[in-house]
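Remarks on the overall topology
This is what each chain is made of:
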Amino acid sequence: MSHLSPKSPALPRTLLSLLLCGAAFGTAASAMAAPVKVGLALDISGPFAALGAEARDGFALGIKQLNGKLGGQDVEFVQADMAGSPDQAKQLVDRMIQRDKIDIFSGPIGSNVALAVGPTLFNAKVPYLSANAGPSQFAGAQCNAYFFGTAYQNDQFHEAAGKFAQDRGFKKTVLIAPNYPAGKDALGGFKRQFKGQVADELYTKLGQIDYAAELAQLRAAKPDSIYFFLPGAMGINFIKQFVGAGLSKDITLVTSGFSADEDVIGAVGEPMLGLFNTSHWAHDLDNPANKAFVAAFRKEYNGRYPSVYAAQAYDAILAMDAAVKQSGGNAQNREAVVAALKKANYASTRGAFKYANNHYPIENFYLRVIGKDAQGKVTNKLINTVLTNYGDSYADKCPLK
């Protein structure tokens, strides 16, 4: 576990400096006032490592632009690599709460890990801003006043994809996802909007990279489309093997932004051209905050486009900044921070949105297709809006008002 506060000189090349490369940080916070303490859970190893690296860069850019402060207050960031492991994450979060006395928490990538650490944070009344995971369990009866799914609720991405597949007129599809909470939310969400025939549902191992058996099942099923949720390296390998097996000639791939974003595009390249995917964000989304974010990100990171994971992490830092500022700079006043977070009063890269009673966003979802930009770079292009001001399917089960 690593600590930082925003006034230190050059940092050694430890885990800390690797996590927050590109941002300026400091040693001790001012002795005049206690710093805001923020726990950041990253996944820079394990099954979500590529996604964790994207989130790391989004966090770092947001922190740099705020000059290492939140709401004008000095900050100490307590960070740890949770490696996609629920057991490891729970131990590290216990330590952040008991030893480091964190005021706010954000991360990690996986819903299985979010579910493991959530109860500990809730019991300690630590506001938890989930910059990626949006498990259905925290959206319904188990919702909590201290949890904010700042990005999305898992099912929403996939419901948007299901609506696209339905509107496109696909008749027979096969669904594929890893066998963990977000995978089950994904396929459940897709089926909520898709009314055609689901020929099969294939649940793979989390972290699986060999899909020979699944491809054989797809060939036998002869669907007109496939909907897959395989983030990170899982999606990279699936797409390569799918195209290599010649299945793309007769079957249309549909997915969410999780399996068709810049991290996957960079690894797969042109075989992804023409792949449709849905997301609540796009790097070419036309609003001032997003344009500024994308320009700054590309300048900071050698011209590469940000992914949805980077944009979400950046937004989480802005949400923290606004909440600390709007609570009078006192992050120890947890009720005031929660009340400020509920307002979502900051310039999100998504544009304006609001929270439902369960603290998950009501927001737009877009259709994107992978093509080439003006410089010939393979990337996503926004096509249209699939769902407008769309909430999740669990809010009515949440007792929060």
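The text that follows walks through the structure, step by step, so that each part is easy to find. (Residues numbered from 1 in each chain as written. Predicted model: local features only at pLDDT ≥ 70, side-chain atom pairs only at ≥ 80, totals over all residues. Heavy atoms only, no water.)

1. A look at the pattern of salt bridges
Taken as a whole and judged by the stated rule, the model has 19 salt bridges. Residue K163 is joined to D167 by a salt bridge in which the shortest nitrogen-to-oxygen separation is 2.8 Å. With K163 and D167 both in helix α5 (residues 154–168), this residue pair falls 4 residues apart, about one helical turn. Its relative accessible area of 25% is what places K163 among the partly exposed residues. With its nearest N and O atoms 2.6 Å apart, the salt bridge here joins K191 to E201. With K191 in helix α6 (residues 181–193) and E201 in strand β9 (residues 197–204), this pair connects stretches of sequence that are 10 residues apart. The class for K191 is partly exposed, based on a relative accessible area of 34%. Each of E54, R56, D57 and R304 takes part in a single network of salt bridges with overlapping partners. (Salt bridge = Lys/Arg side-chain N within 4 Å of Asp/Glu carboxyl O. Helix = DSSP H or I, 4+ residues; strand = E, 2+ residues; numbered from the N terminus. Buried < 20%, exposed > 50% of the residue type's maximum accessible area, 1.4 Å probe, protein only.)

2. As for unusual backbone geometry
With an omega of -10°, the peptide bond between G107 and P108 qualifies as cis. Assignment of secondary structure puts P108 in the loop between β5 (104–106) and α4 (111–123). One non-glycine residue, K125, lies in positive phi territory at about 55°. For K125, the position within the fold is in the loop between α4 and β6 (128–129). The partly exposed category is assigned to K125, whose relative accessible area is 43%. The phi angle at N302 is positive, at roughly 55°, despite the residue not being glycine. Locating N302 in the fold gives a position in the loop between α10 (288–300) and α11 (308–326). With a relative accessible area of 79%, N302 lands in the exposed category.

3. So, the packing of aromatic side chains
Two aromatic rings are characterised by how far apart their centres lie and by the angle between their planes. Inspection of every chain in the model, using the stated rule, returns 27 aromatic pairs. Ring centres of F147 and Y360 lie 5.6 Å apart, and the angle between their planes is 55°; on these two criteria the pair is classed as tilted. Of this pair, F147 sits in strand β7 (residues 147–148) while Y360 is found in the loop between β13 (354–355) and β14 (361–372), placing the two residues 213 residues apart along the sequence. Given the relative accessible area of 0%, Y360 is considered buried. Ring plane angle 45° and centroid distance 5.1 Å describe the contact between F228 and F238, whose orientation is recorded as tilted. Separated by 10 residues along the polypeptide, F228 in strand β10 (residues 225–228) and F238 in helix α8 (residues 233–244) bring together distant segments of the chain. Residue class for F228 comes out buried when judged on its relative accessible area of 0%. The class for F238 is buried, based on a relative accessible area of 0%. Connected via pairs of aromatic rings, a cluster forms that spans Y152, F157, F229, F258, Y309, F365 and Y390. (Phe/Tyr/Trp six-rings, centres within 6.5 Å; stacked < 30°, edge-to-face > 60°.)

Keep in mind these numbers describe shape, not what the thing actually does.
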